[in-house]
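# A structural walkthrough
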2 protein chains.
Amino acid sequence: MRKQALILVALAAAILVPPAMAEDGYELWLRYDAPEAGIPYLPADVVTGCTAPSETIRKSLDELDIAFTSLAGEKLPQSRTAGQGSLILASADCLSSLPQSLQPDVTGLGEDGYAIRGVSSGGGKAILIAGESDVGLLYGVFDFLMRLSRGEDVRGLSVEQTPAVKLRLLNHWDNLDRHVERGYAGQSIWNWHLLPGRVDPRYEDYAHANASIGINGVSLTNVNADATVLTPQYLEKVTALADVFRPYGIKVYLTARFSAPMELGGLATADPLDEDVHEWWQAKADEIYAEIPDFGGFLVKANSEGQPGPQDYGRSHAEGANMLADALAPHGGVVMWRAFVYSAEEPEDRVKQAYTEFKPLDGQFRDNVIVQVKNGPLDFQPREPFHPLFGAMEETPLALELQITKEYLGFSTHLAYLGTLWKEVLSADTYAAGPGSTVAKVVDGELTNEALTAMAGVSNVGVDRNWTGSHFDQANWYAFGRLAWDPDASANAIARDWAALTFTTDPDVLDTIVAMMMQSREAVVNYMTPLGLTHLMGTGHHYGPALWVDDLDRADWTPYYYHRATEDAIGFDRTETGSNAVAQYAEPLREKWADVATTPDELLLWFHRLPWDYEMTSGRSLWEELVRHYDLGVQQAEDLAEQWQGLEGQIDPDRFAHVADYLEIQKQEARWWRDASIAYWQSVNGLALPEGAAPPTHNLDYYKSLEFPNAPGQGD
Amino acid sequence: MRKQALILVALAAAILVPPAMAEDGYELWLRYDAPEAGIPYLPADVVTGCTAPSETIRKSLDELDIAFTSLAGEKLPQSRTAGQGSLILASADCLSSLPQSLQPDVTGLGEDGYAIRGVSSGGGKAILIAGESDVGLLYGVFDFLMRLSRGEDVRGLSVEQTPAVKLRLLNHWDNLDRHVERGYAGQSIWNWHLLPGRVDPRYEDYAHANASIGINGVSLTNVNADATVLTPQYLEKVTALADVFRPYGIKVYLTARFSAPMELGGLATADPLDEDVHEWWQAKADEIYAEIPDFGGFLVKANSEGQPGPQDYGRSHAEGANMLADALAPHGGVVMWRAFVYSAEEPEDRVKQAYTEFKPLDGQFRDNVIVQVKNGPLDFQPREPFHPLFGAMEETPLALELQITKEYLGFSTHLAYLGTLWKEVLSADTYAAGPGSTVAKVVDGELTNEALTAMAGVSNVGVDRNWTGSHFDQANWYAFGRLAWDPDASANAIARDWAALTFTTDPDVLDTIVAMMMQSREAVVNYMTPLGLTHLMGTGHHYGPALWVDDLDRADWTPYYYHRATEDAIGFDRTETGSNAVAQYAEPLREKWADVATTPDELLLWFHRLPWDYEMTSGRSLWEELVRHYDLGVQQAEDLAEQWQGLEGQIDPDRFAHVADYLEIQKQEARWWRDASIAYWQSVNGLALPEGAAPPTHNLDYYKSLEFPNAPGQGD
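The structure displayed is predicted, hence computed values, not measured ones. (Residues numbered from 1 in each chain as written. Chains lettered and ligands numbered in written order. Predicted model: local features only at pLDDT ≥ 70, side-chain atom pairs only at ≥ 80, totals over all residues. Heavy atoms only, no water.)

Another aspect to go through is the pairing of strand S8 (residues 251–255) of chain A. Residues and elements named next belong to chain A. With 4 of its 5 residues buried, S8 lies for the most part within the structure. A crossover connection joins strand S7 (residues 217–219) to the parallel S8 through helix H5 (residues 232–245); in handedness this β-α-β unit is right-handed. Summarising the sheet, S8 and strand S9 (residues 297–300) pair through 3 bridges and their orientation is parallel. Pairing of Leu254 across the sheet is with Phe298, part of S9. (Buried < 20%, exposed > 50% of the residue type's maximum accessible area, 1.4 Å probe, protein only. Helix = DSSP H or I, 4+ residues; strand = E, 2+ residues; numbered from the N terminus. Right-handed = clockwise from strand over helix to strand, strands pointing away. Pairing = 2+ DSSP bridges.)

Written out as structure tokens, the structure reads:
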């Protein structure tokens with residue numbers, strides 16, 4: 001009977017190819033396509049240990065229905081008693097209806113942990129998925145189903161997983177008018193105007209996708225915050241979203257505009273030491289928790305890029321954060337206080353300022369404050385050294401903030417898999433407590449024994465049908481979730497898992513796709529900002545090259561500020577003879593990076609200012625090496641497009657064409673970056689091109705003349 | 001064999017219900033769902049008369065494949081020779097391979113016309129679809145397929161159709177940054193940033209939908225124009241869209257910013273009589289036509305609401321329009337010059353100004369200029385009298401501009417079928433050449449024997465999955481196309497056709513849906529602006545009631561300007577004792593509307609200022625009648641929601657829930673409109689509520705306090 005149904009489905013699938021069935025990316029990595037070699041194992045039925053399943057357990061059962069319908073053509077039957085071949089779901093609250101012998105010991109799996117293992121049942125084998133919490137169980141179900149969908153034989157499985165990081169958040173930089181700052185996938189998925197009257201089913205699809213990769217928190221609004229979201233009118237809308245997310249184990253966070261007590265409360269000040277201000281925030285927190293009892297807390301950008309903050313009143317970041325933390329503490333909420341600050345006045349070296357500001361505050365923050373630090377000291381560049389605050393704050397928990405949306409890596413059109421970038425940061429050794437003091441160990445709390453740990457990813461999600469603008473950018477959302485759960489996971493393995501779920505389980509195709517992904521970020525570094533160069537993008541929108549810009553309101557917003565190229569030399573001296581930013585790192589890094597001879601090529605011009613004819617370890621001059629990197633980047637972009645073309649016929653036509661179009665754009669823009677950069681450097685250094693290097697397609701005036709007033713994602 | 005396949009499909013459909021198959025509205029009225037009673041007729045095969053089919057013919061064949069796959073489970077086979085039961089496609093360029101006896105006489109069907117009729121073939125019957133042009137044939141194919149899908153027996157069909165109006169355009173008010181002015185369906189579908197590198201398949205889906213309802217032109221950009229679209233960088237993008245649209249018979253138009261010669265060309269003036277200005281536009285037109293040989297022309301908003309125009313140089317609208325027309329004429333392009341103008345200074349009665357300005361210019365425009373006039377003299381209100389320019393311009397072709405997007409009728413959440421509104425306008429008698437001089441006869445050119453005729457609809461399309469924000473707003477897009485083709489079509493029949501294609505052919509369900517649609521616009525009039533009141537919406541965004549606003553920069557942007565309510569009276573005196581706007585209409589309308597006794601209730605306060613206790617024909621006082629209309633509107637909104645609830649289980653669950661949510665919002669907002677309006681009127685007239693009328697839920701201060709800074713579609 002089942003076999004007949006399967007044949008029928010297969011036949012029908014061959015006949016029925018309605019347009020709506022086209023692969024459009026909406027289903028992300030949860031397509032539950034049957035693996036090439038067929039599904040290796042089909043449980044006989046599904047059994048839960050609960051008499052009255054929670055909403056979360058019901059979502060787990062729904063997920064099994066969706067997945068098996070797609071993987072095997074029909075749902076698993078639900079049984080009341082476990083037998084041979086059963087799939088058994090159990091959690092601390094969902095045990096009682098199982099026979100004693102099948103009740104697993106779930107204590108110790110932790111808040112979000114789960115186990116999957118074979119058990120004996122009905123005289124044969126069964127598979128148990130167990131969580132201490134219902135959400136842990138849901139995570140286990142997702143893991144199990146994705147393994148099945150990748151073709152893994154789950155019968156011998158013995159998995160025990162607990163997340164390394166407690167709070168695994170997406171940060172949406174979404175405005176209330178649905179503009180997404182640094183968004184390249186259309187408007188915000190939050191339709192504030194229609195909430196709460198219309199709760200778009202997409203909100204649940206979004207929660208579903210996040211839960212499948214372990215994300216357990218969402219900050220809904222832009223860090224450049226609008227106090228309006230804290231009005232009753234908007235909190236009603238936020239509540240509707242929180243209600244959708246709750247069964248998926250996802251908490252809602254909001255960005256708190258520091259001046260809200262003045263803007264909404266009519267107070268004369270937002271001074272964090274003012275009693276009325278404290279009371280206003282306390283009342284606001286109480287108001288929020290009355291509707292959203294599991295509200296996560298506030299994410300705050302203060303005294304940075306024009307945002308109000310405690311320094312407006314002569315108070316420190318710690319005093320500001322603690323005031324909010326006190327308002328949230330009775331309800332169990334946390335404050336995520338961003339360390340992305342730099343002075344509004346003519347600054348010291350911008351990359352030094354967060355450290356300068358926050359290091360002295362170490363130990364001054366409340367227990368429910370976590371300081372959120374970007375991966376590098378500048379701003380989500382294609383490559384930066386890790387942020388010197390990691391390892392430097394011994395008594396303050398630090399959250400790692402990564403940018404999933406590709407503000408500086410070619411928007412959504414360039415393929416740049418960020419798993420490699422993020423792994424570079426996570427595995428970087430801070431040496432804070434001797435060798436092995438990696439950023440990962442700071443972030444997971446191991447190094448300083450922190451209980452409050454967090455990782456935040458600036459979301460790349462928008463209303464585009466495929467969620468992220470490009471199909472490959474889905475991988476960055478996925479990789480963020482995987483790395484927040486397990487910073488030790490390999491970028492390569494994550495890429496392969498994602499591609500198998502997203503495209504196909506064919507191993508040859510996977511080899512190609514994974515190879516493309518693994519080289520992609522380095523390609524971007526090469527054609528945009530090789531050898532430690534940084535922040536050379538078009539001003540404001542960050543689209544395309546603008547190396548020549550040197551006259552903005554703030555010097556540290558100009559590309560010139562970062563490259564400082566003159567006829568003689570190029571680069572930013574961050575050693576003792578310069579800004580000495582290198583001193584913010586622990587030994588032996590400080591010494592290594594202070595010495596040009598021991599600084600790796602990839603960070604060379606980040607730390608050093610060098611003559612154009614400086615001799616590199618390769619024997620080439622710096623100028624020759626620079627041009628060589630640009631050419632390599634262009635070549636790599638061409639390779640990506642060519643590798644993809646080789647997959648024609650092995651990827652569904654719609655997604656194949658979409659990716660191919662984007663790779664073609666990337667190829668052209670890589671060339672544009674290379675040509676504009678070289679034309680500019682030549683205008684500065686007067687040097688001839690190295691032998692064999694092609695001259696830029698256009699002259700420098702042409703590249704300077706290009707304007708993109710309507711580039712997406714701008715920050716106003 | 002075929003029967004087996006059909007059974008298989010039916011069985012499979014019952015088993016396979018993947019999420020992506022859910023009805024989400026993307027396919028519009030082109031779902032090609034098999035009718036309830038089954039498809040009444042299946043041709044044996046399809047035969048064309050052409051040896052080398054044009055792109056348009058290939059689209060026709062593709063459409064048959066898509067439709068029959070969906071309607072009958074498989075494509076029609078293509079045959080080389082016609083036999084019994086064949087479906088024969090022929091056009092002037094696609095005849096030669098048919099036997100002489102089957103070659104239809106296609107002359108006289110006109111540029112876009114088509115015929116569908118039974119013919120004898122192979123000793124039996126066959127069906128012929130014929131167009132003079134290939135596009136006419138495509139229109140015929142769409143008509144045929146939609147008839148089949150509605151369950152019509154096509155065997156006895158004898159249809160001959162030619163459009164009443166030559167240019168049937170959508171006007172997109174889409175900015176280059178993808179913001180849509182007055183858009184309630186998300187961002188613009190034109191992704192300018194990615195064009196031409198990425199040509200989204202949605203552009204073709206859009207063209208496909210338009211072609212199915214006879215739309216043959218698209219103005220891509222906002223009438224509040226940005227000259228940037230005329231730069232080479234953007235014209236390359238426009239060309240990519242024109243290439244997609246061409247096979248569907250759709251021409252591209254652009255909005256021309258009158259000051260473009262200064263902004264792009266560096267000229268010191270944009271004076272239309274300046275030789276350099278003329279040359280600049282001529283060169284620009286030549287540049288456009290070199291890439292887009294069938295470019296439609298320019299749509300222009302000049303000297304209105306801050307837009308530049310010929311009056312900036314003391315020239316008339318005719319001089320401005322003619323200058324552009326001369327630039328386009330060598331290439332066959334047209335200028336659509338909007339009559340929506342009103343003075344930037346303290347004006348005479350705003351509704352008089354377009355007539356005052358344009359009437360004296362009658363006869364001064366070039367042959368390739370058409371003056372585009374909104375349906376009413378104000379601005380797309382829930383109800384206005386028809387625009388007095390219709391019938392008043394004897395020597396100037398006039399295009400009718402309708403607003404498909406519901407700027408003033410509740411955005412996309414309120415159900416308001418506009419077919420009834422548009423029919424009210426089209427069938428209005430201007431009496432310009434005696435009784436029967438309807439607006440429709442002005443627009444189709446019959447009255448003044450114009451060859452250049454046009455109808456334009458301000459698009460309600462955006463990136464929302466269902467295109468128009470709400471499922472029911474698809475009906476307005478559809479109805480616009482149908483009425484532009486045939487202004488004599490009935491609103492009821494159009495609604496029924498649309499609903500049958502969109503939801504179901506079940507006659508009982510259709511009865512309910514059509515009844516809902518037919519009463520919906522009057523419901524909106526009743527709860528927003530009954531008895532001839534107008535323009536009482538929230539300022540700027542036009543969301544919700546704001547009757548009390550009287551202090552904007554311009555008096556004629558305030559609700560107060562339009563209602564003029566005082567303790568004693570309400571309404572705008574447009575008779576001789578007032579602005580005498582009524583004199584712009586022909587007799588006997590002038591006399592009829594000048595007399596309060598012969599003015600219909602629905603236009604009463606548009607033309608007259610009356611005491612609150614004025615006795616209506618009903619015997620009730622004006623105040624009582626007003627309250628009664630508000631209550632009726634609320635009741636009608638409640639009825640809509642209730643009628644829809646009665647269809648649960650007969651509409652697919654996703655669309656059912658979506659519509660139900662919106663109707664619930666409409667119900668609440670109808671109540672808000674009624675309560676806020678009554679609270680305000682009472683604050684002015686001090687009158688008690690009529691017996692039985694419920695007091696407003698909140699006091700007036702509450703309604704005044706509501707703010708919607710992030711309401712969608714605002715005009716900046």
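Right, let's get into the domain arrangement of chain A. Under the domain assignment used here, chain A contains domain 1 (45–161), domain 2 (167–502) and domain 3 (526–572 + 609–705). Taking only C-alpha atoms into account, the centre of domain 1 of chain A sits 51 Å from that of domain 3 of chain A. (Domains from an automatic or database assignment.)

This brings us to the packing of helix H18 (residues 622–645) of chain B against helix H19 (residues 653–685) of chain B. Residues and elements named next belong to chain B. Remark: H18 packs on H19, axes separated minimally by 9 Å, with the N-to-C direction vectors making an angle of 170°. One way to sum up the angle between H18 and H19 is to call them roughly antiparallel. Taken together, the residues of the contact of H18 with H19 sort by class into 16 nonpolar, 5 polar and 6 charged. (Axes fitted to C-alpha atoms, helices over the stretch in contact; angles between N-to-C directions. Parallel < 35°, antiparallel > 145°, perpendicular 65-115°, else oblique. Nonpolar A, V, L, I, M, F, W, Y, C, P; charged D, E, K, R; others polar.)

The next thing to look at is the packing of helix H13 (residues 491–502) of chain B against helix H14 (residues 507–528) of chain B. Residue and element names in this part refer to chain B. Contact geometry for H13 and H14: axes closest at 9 Å, N-to-C directions at 130°. In terms of orientation, H13 and H14 fall into the oblique class. In the packing of H13 onto H14, the handedness of the crossing is right-handed. Of H14, the residues touching H13 (which contributes Ala491, Asn492, Ala495, Arg496, Trp498, Ala499 and Ala500) are Pro507, Leu510, Asp511, Ile513, Val514, Met517 and Met518. When its residues are assigned to classes, the contact of H13 with H14 shows 11 nonpolar, 1 polar and 2 charged. (Left-handed = near helix turned anticlockwise from the far one by under 90°. Contact = heavy atoms within 4.5 Å.)

Quick look at the sheet that holds strand S11 (residues 369–374) of chain B now. All names here are of chain B. The sheet built from 8 strands closes into a barrel, its strands ordered S6-S7-S8-S9-S10-S11-S12-S13 with parallel pairing. Each strand axis lies, on average, 25° off the axis of its neighbour in the sheet, ignoring direction. Bridging between S11 and strand S12 (residues 398–403) involves 4 bridges; their strand directions are parallel. Pairing of Lys374 across the sheet is with Glu401, part of S12. Against the sheet, helix H8 (residues 317–328) contacts strand S9 (297–300), strand S10 (334–338) and S11, and its axis sits at roughly 160° relative to S10.

A few words now on unusual backbone geometry. For the peptide bond that leads from Glu587 of chain A to Pro588 of chain A, omega is 5°, which places it in the cis range. Summarising the element assignment, Pro588 of chain A is placed in the loop between strand S14 (569–570) and helix H16 (589–594). One non-glycine residue, Tyr32 of chain B, lies in the positive phi region at around 50°. Relative to the assigned elements, Tyr32 of chain B resides in the loop between helix H1 (2–15) and strand S1 (45–48). Despite not being glycine, Tyr431 of chain B shows a phi value in the positive range, around 60°. Examined against the element boundaries, Tyr431 of chain B turns out to sit in the loop between helix H10 (419–426) and helix H11 (439–443).

Residue and element names in this part refer to chain A. Taken as a whole and assessed by the stated rule, the structure comprises 88 aromatic pairs over all chains. When the ring of Phe472 is compared with that of Trp644, the centres are 5.6 Å apart and the planes differ by 75°; the resulting orientation is edge-to-face. Remark: Trp644 occurs in helix H18 (residues 622–645) and Phe472 occurs in the loop between strand S13 (454–458) and helix H12 (473–485); sequence separation between them is 172 residues. There is no split in this pair, since Phe472 and Trp644 are both buried. In textbook terms, an aromatic cluster arises when at least three aromatic residues are bridged by ring pairs, as seen for Tyr26, Trp29, Trp190, Tyr203, Tyr206, Phe245, Trp467, Trp477 and Tyr478. (Phe/Tyr/Trp six-rings, centres within 6.5 Å; stacked < 30°, edge-to-face > 60°.)

It is worth spelling out the pairing of S9 of chain B at this point. Residue and element names in this part refer to chain B. Here S9 runs beside S10; their pairing, made up of 4 bridges, is parallel. The residue bridging Val300 from the neighbouring strand is Trp337, located in S10. Note that the unit made of S9, H8 and S10 has a crossover that is right-handed.

This paragraph deals with the nonpolar core. For soluble globular proteins, nonpolar side chains are generally found buried alongside one another. Membership of the largest hydrophobic core comes to 232 residues, with the highest contact counts inside it found for Trp29, Phe245, Trp281, Trp477, Trp644 and Trp681 of chain A. When residues in this core are grouped by element, the largest group, 13 residues, is from helix H19 (residues 653–685) of chain A. Non-local contacts of Phe245 of chain A, meaning those with residues more than four positions away in its chain, are made with Trp190, Tyr203, Tyr206, Ala207, Leu220, Ile250 and Val252 of chain A. Listed in part, the 231 residues of the second largest apolar core include Met336, Phe380, Leu533 and Phe572 of chain B. (Core = buried A, V, L, I, M, F, W, Y, C linked by side-chain atoms within 4.5 Å.)

Attention shifts here to the pattern of salt bridges. Across all of its chains, the model carries 82 salt bridges over all chains by this definition. In this structure, Asp24 of chain B engages Arg465 of chain B in a salt bridge whose closest nitrogen and oxygen atoms are separated by 2.9 Å. Residue Asp24 of chain B is found in the loop between H1 and S1, and its partner Arg465 of chain B is found in the loop between strand S13 (454–458) and helix H12 (473–485); the two are separated by 441 residues along the sequence. Glu111 of chain B serves as the salt-bridge partner of Lys166 of chain B, at 3.5 Å between the closest nitrogen and oxygen. You can see Lys166 of chain B sitting in the loop between strand S5 (158–161) and strand S6 (167–171) and its partner Glu111 of chain B sitting in the loop between strand S2 (86–91) and strand S3 (114–121), a full 55 residues away along the chain. For Glu111 of chain B, a relative accessible area of 55% corresponds to the exposed category. Three or more residues joined by partner-sharing salt bridges are found here, namely Asp143, Arg147, Arg150, Glu152, Arg482 and Asp497 of chain A. (Salt bridge = Lys/Arg side-chain N within 4 Å of Asp/Glu carboxyl O.)

Attention now moves to the sheet that holds S13 of chain A. Residues and elements named next belong to chain A. Taking strand neighbours around the barrel as the criterion, the 8 strands line up as S6-S7-S8-S9-S10-S11-S12-S13 in a closed arrangement whose pairing is parallel. Going from strand to strand, the sheet's axes swing by 25° on average, the running direction of each strand aside. Relative to strand S11 (residues 369–374), strand S10 (residues 334–338) runs parallel, the two sharing 4 bridges. Across the sheet, residue Trp337 finds its bridge partner in S11, namely Val371.

The subject of this paragraph is the side chain of Asp497 of chain B. Residue and element names in this part refer to chain B. For Asp497, the position within the fold is in helix H13. In this structure the side chain of Asp497 is engaged in a polar contact, spanning 3.3 Å, whose partner is the side chain of Arg150. Of note is the side chain of Asp497, whose polar atom sits 3.0 Å from the side chain of Arg482. Setting aside anything within four residues of it in sequence, one finds Asp497 in contact with Arg150, Tyr478 and Arg482. (Polar contact = N/O pair within 3.5 Å; in protein donor to acceptor, adjacent residues only side chain to side chain.)

With that settled, the discussion passes to the state of the cysteines. Residue and element names in this part refer to chain A. All chains considered together, the criterion is met by 2 disulfides over all chains. Covalent S-S linkage joins Cys50 and Cys94, the inter-sulfur distance amounting to 2.2 Å. Around the S-S axis, the bridge from Cys50 to Cys94 shows a dihedral of about -55° and counts as left-handed. Separated by 44 residues along the polypeptide, Cys50 in the loop between strand S1 (45–48) and helix H2 (55–72) and Cys94 in the loop between strand S2 (86–91) and strand S3 (114–121) bring together distant segments of the chain. Residue classification places Cys50 among the buried residues on the basis of a relative accessible area of 11%. The exposure class assigned to Cys94 is buried, which follows from its relative accessible area of 1%. (Disulfide = S-S within 2.5 Å.)

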